[in-house]
Amino acid sequence: MVGLKEELLKSIWHAFTALDLDRSGKVSKSQLKASGGRRVLSHNLCTVLNVPHDPVALEEHFRDDDEGPVSNQGYMPYLNKFILEKVQGNFDKVEFNRMCWTLCAKKNLSKSPLLISDEDAFKVWVIFNFLSEDKYPLIIVPEEIEYLLKKITEAMGAGWQQEQFDHYKIALNTSREGLTAWELIDLIGSGQFSKGMDRQTVSMAINEVFNELILDVLKQGYMLKKGHKRKNWMERWFVLKPNLISYYVSEDLKDKKGDIILDGNCCVEALPDKDGKKCLFLIKCLDKTFEISASDKKKKQEWIQAIQTTVNLLRAGSPPPHKEARQKRKELRQKLLAEQEELERQMKELQAANENKQKELETVRKQLEAAAARAAEEEKKRLQTQVELQDRFSLELEREKMVRQKMEEQVAQKSSELEQYLQRVRELEEMYKQLQEALEDEKQARQDEETVRKLQARLLEEETAKRAELEKWHLQQQQTIQMTEAEKQELENERMMKEQALQVAMQQLKQLELERKEALEQYEEVKKKLETAANNTKSWKDKVAHHEGLIRLIEPGSKNPHLITNWGPAAFTEAELEERQRSWKGKKATSE
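For clarity, every value in this text was computed on a predicted model and none was experimentally measured.

A rise of 1.5 Å per residue sets the reference length of helix α9 (residues 162-173), with its twelve residues, at 16 Å; its end C-alpha atoms lie 16 Å apart and thus fit the reference within 8%. Listed as buried for α9 are F165, Y168 and L172. For α9, the angular spread of the buried residues around the axis is 60 degrees, confining them to a single face. What points out from α9, more than 90 degrees from its buried face, is the exposed set E163, H167 and I170. Residues of α9 that are buried in the fold lie against α8 (142-156) and α10 (181-189).

Structure representation (structure tokens):
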């Protein structure tokens, strides 16, 4: 009943404010007495709301004294106590709204021509009361305006122009919070959001939205219904509402034929085609069952789904979808408003805290400045004391400096003598280390010489074996030339293979020559190192003999004679050469 009372109050507020008001917001005493406005409004409300009228209570409430109509009591306490609290809901909402519309439309409706009729303006006014905020004076916020214009645009079958509405919304938000009922009627009647649509299309769209939002019409349309007594099929106009399905002779709703009361126990089922009727479905209630035939399968499925959804809402005790959606939008706006207020409160707290911090910082700054002044004064005194102490201690420092200088001269003299002695010891140690290094270099040079000698012998042996093998292949080629013509083809293939082997051997020979040259270079380098080591040894021998006379130098031993090849001294020994000859002979025997 609280929600119903709020809906009624919105329409009554329009009718009430259409009367002449004084500055305090109450109906002026002279106007009420002259026109009988309070009596007319109260009587009409009692009539359309089916509430017993009590003129005595009205006169008692508005006595012509200090508690009269211009007192703090006003009209609203009477309205709540004697009319609204007695409303039971058994009244015609459209008739009630039309009565309130009649009282306020003439004074507030725009005189400029509109693209919608007075009847359409009335329906827009009722929709405004449904969607407006629950605070006075009544306005509709931009979110609800967008919702309504979208519904009307969808009913017209047109496309929604979101960008156009965003520009309009920005312009609206800069000047006010929302629109009044009469400004909303002017907006829709101006055709700003229905360009290209005729008056009839706009009117049908407004009527469709009015039926859905105000009359709670969830679905409507023509279908065939099977009678309970005659069992004949008659076309009826069905109107689905949150708790019933009404059916009429035609869509003008003048001749009502009956109602199908819906509750949580009802169900709807699809039926197979029979008796020449198609697209059948069945509505089962506690006392009756209704067979209905839709015009096509699509309509049949839409009606079954709509009725089943309505039954499910009744089972869950939920309001109609559009009312639940409106409540959710309001709750969301309230939540956003609360969050915005909380954010503003936090910003104010932060600003206040910031100001307090600034004051504290200013206080601290002043304290720091005072402390800095005190510290400067103390620093000045400290510097004066320090200067006096420096003058007094400077004399003592000079005396100590003279004594320290004498002691440093004595220590320097002793240090010089010690340094000369240590220098002679270090020179003897360094000479001993260099002699050891020279001996090690001589020993390493001898080892390197022996290694190079072995490498030269090995390369010479490989070179001799390659040359013997080349001479043998050359003799074989000469013999092959002297063979008969019949064997020539076969020997030619063998010759080609041997030539390839010869080329490989020549490459190996070249590689051996390169290795021999490298070994020779290494030998020369080792020889130079040996000569350098010998010279160093001889030099150090003289130095050591000069200092101690006890060192006997190690002389290099006798050198074995080197093998001589066509290209110079060989880099390997005779034993290594014989070993390589045996290896080449084994490889040759294997290849043959």
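So, next bit.
When you tally the buried positions in strand β7 (residues 289-293), you get four out of five residues, the bulk of the element. In the sheet, strand β1 (residues 219-226) pairs with β7 via two bridges, with the strands oriented antiparallel. The residue bridging K225 from the neighbouring strand is I292, located in β7. When strand β6 (residues 280-284) meets β7, the two strands line up antiparallel, connected through five bridges. Paired with I283 across the strands is F290, a residue of β7.

Before going further, it helps to examine the pattern of salt bridges. This structure, assessed with the given rule, holds 32 salt bridges. We note a salt bridge from K274 to E291, for which the minimum N-O separation is 3.6 Å. Here E291 lies in strand β7 and K274 lies in the loop between β5 (267-271) and β6, a separation of 17 residues in the sequence.

Turning our attention to the sheet that holds strand β4 (residues 256-261). Here seven strands make up an open sheet; going across it, the order is β4-β3-β2-β1-β7-β6-β5 and the pairing antiparallel. The two strands at the open ends of the sheet, each matched to only one other strand, are β4 and β5. On average, each strand axis in the sheet is inclined to that of its neighbour by 35 degrees, with strand direction left out of account.

A grouping of L418, Y421, L422 and V425 is seen on the molecular surface, where their side chains present a nonpolar patch of about 360 Å² in accessible area. By the element assignment, L422 lies in helix α13 (residues 321-481).

The next thing to look at is a negative patch on the surface. A contiguous patch of negative charge, built from E429, E430, E437, E440 and D441, is present on the exposed surface. A relative accessible area of 41% places E430 in the partly exposed class.

Our next topic: the pairing of strand β2 (residues 233-240). In terms of burial, β2 is largely enclosed, as six of its eight residues are buried. Hairpin remark: β1 followed by β2, antiparallel, with six residues in the connecting loop; positive phi at K231, about 65 degrees. As paired strands, β2 and strand β3 (residues 244-248) are joined by four bridges and run antiparallel to one another. Counted as the bridge partner of W237 is Y248 from β3.

Model confidence for the protein chain is summarised by a mean pLDDT of 82, while 88% of its residues fall at 70 or above. In the predicted structure, residues 21-35 sits below a pLDDT of 50 and forms 26 contacts with residues beyond four places in sequence or in another chain. Within the model, pLDDT remains below 50 along residues 550-555, and this stretch shows twelve contacts once partners closer than five positions in the same chain are excluded.

Attention shifts here to the state of the cysteines. Disulfides are covalent bonds that connect the sulfur atoms of two cysteines. All chains considered together, the criterion is met by zero disulfides. Cysteine C285 is unpaired, with the sulfur of C266 as its nearest cysteine sulfur at 3.5 Å.

Attention now goes to α8. Since one α-helical turn is 3.6 residues long, residues separated by three or four positions face the same way. Compared with the 21 Å implied by 1.5 Å per residue over 15 residues, the 21 Å span of α8 between its first and last C-alpha is a close match. A large share of α8 lies buried, amounting to eleven of its 15 residues. Those residues of α8 lying buried are P142, E144, I145, E146, Y147, L148, L149, K151, I152, T153 and M156. G157, located one to two residues past α8, shows a positive phi value of around 80 degrees.

A full pass over the atoms with the stated rule returns 15 aromatic pairs. Arranged with centres 5.8 Å apart and planes meeting at 85 degrees, the rings of Y168 and F193 form a pair that is edge-to-face. Within this pair, whereas Y168 is found in helix α9, its partner F193 is found in the loop between α10 and α11 (199-213), the two being separated by 25 residues in sequence. By relative accessible area, which is 14% here, F193 ends up buried. Following the ring pairs from residue to residue traces out a cluster consisting of W101, F122, W125, W182 and F210. A cation over a ring is seen here: R329 above Y147, with NZ or CZ 3.7 Å from the ring centre. The ring of F393 has R392 sitting right over it, with the charged end atom 5.6 Å from the ring centre.

Rules and cut-offs
Residues numbered from 1 in each chain as written. Predicted model: local features only at pLDDT ≥ 70, side-chain atom pairs only at ≥ 80, totals over all residues. Heavy atoms only, no water. Helix = DSSP H or I, 4+ residues; strand = E, 2+ residues; numbered from the N terminus. Expected span 1.5 Å × (residues − 1). Buried < 20%, exposed > 50% of the residue type's maximum accessible area, 1.4 Å probe, protein only. Arc of directions from axis to C-beta. Contact = heavy atoms within 4.5 Å. Pairing = 2+ DSSP bridges. Salt bridge = Lys/Arg side-chain N within 4 Å of Asp/Glu carboxyl O. Axes fitted to C-alpha atoms, helices over the stretch in contact; angles between N-to-C directions. Patch = residues over 30% accessible without salt bridge, like charges linked within 9 Å, V, L, I, M, F, W, Y side chains within 5 Å. Areas by Shrake-Rupley, 256 points an atom, 1.4 Å probe, with all protein chains shown as cover. Lys, Arg positive; Asp, Glu negative; His and termini not counted. Charge placed at Lys NZ, Arg CZ, Asp CG, Glu CD. pLDDT = per-residue confidence, 0-100. Disulfide = S-S within 2.5 Å. Phe/Tyr/Trp six-rings, centres within 6.5 Å; stacked < 30°, edge-to-face > 60°. Lys NZ or Arg CZ within 6 Å of the ring centre and 35° of its normal.

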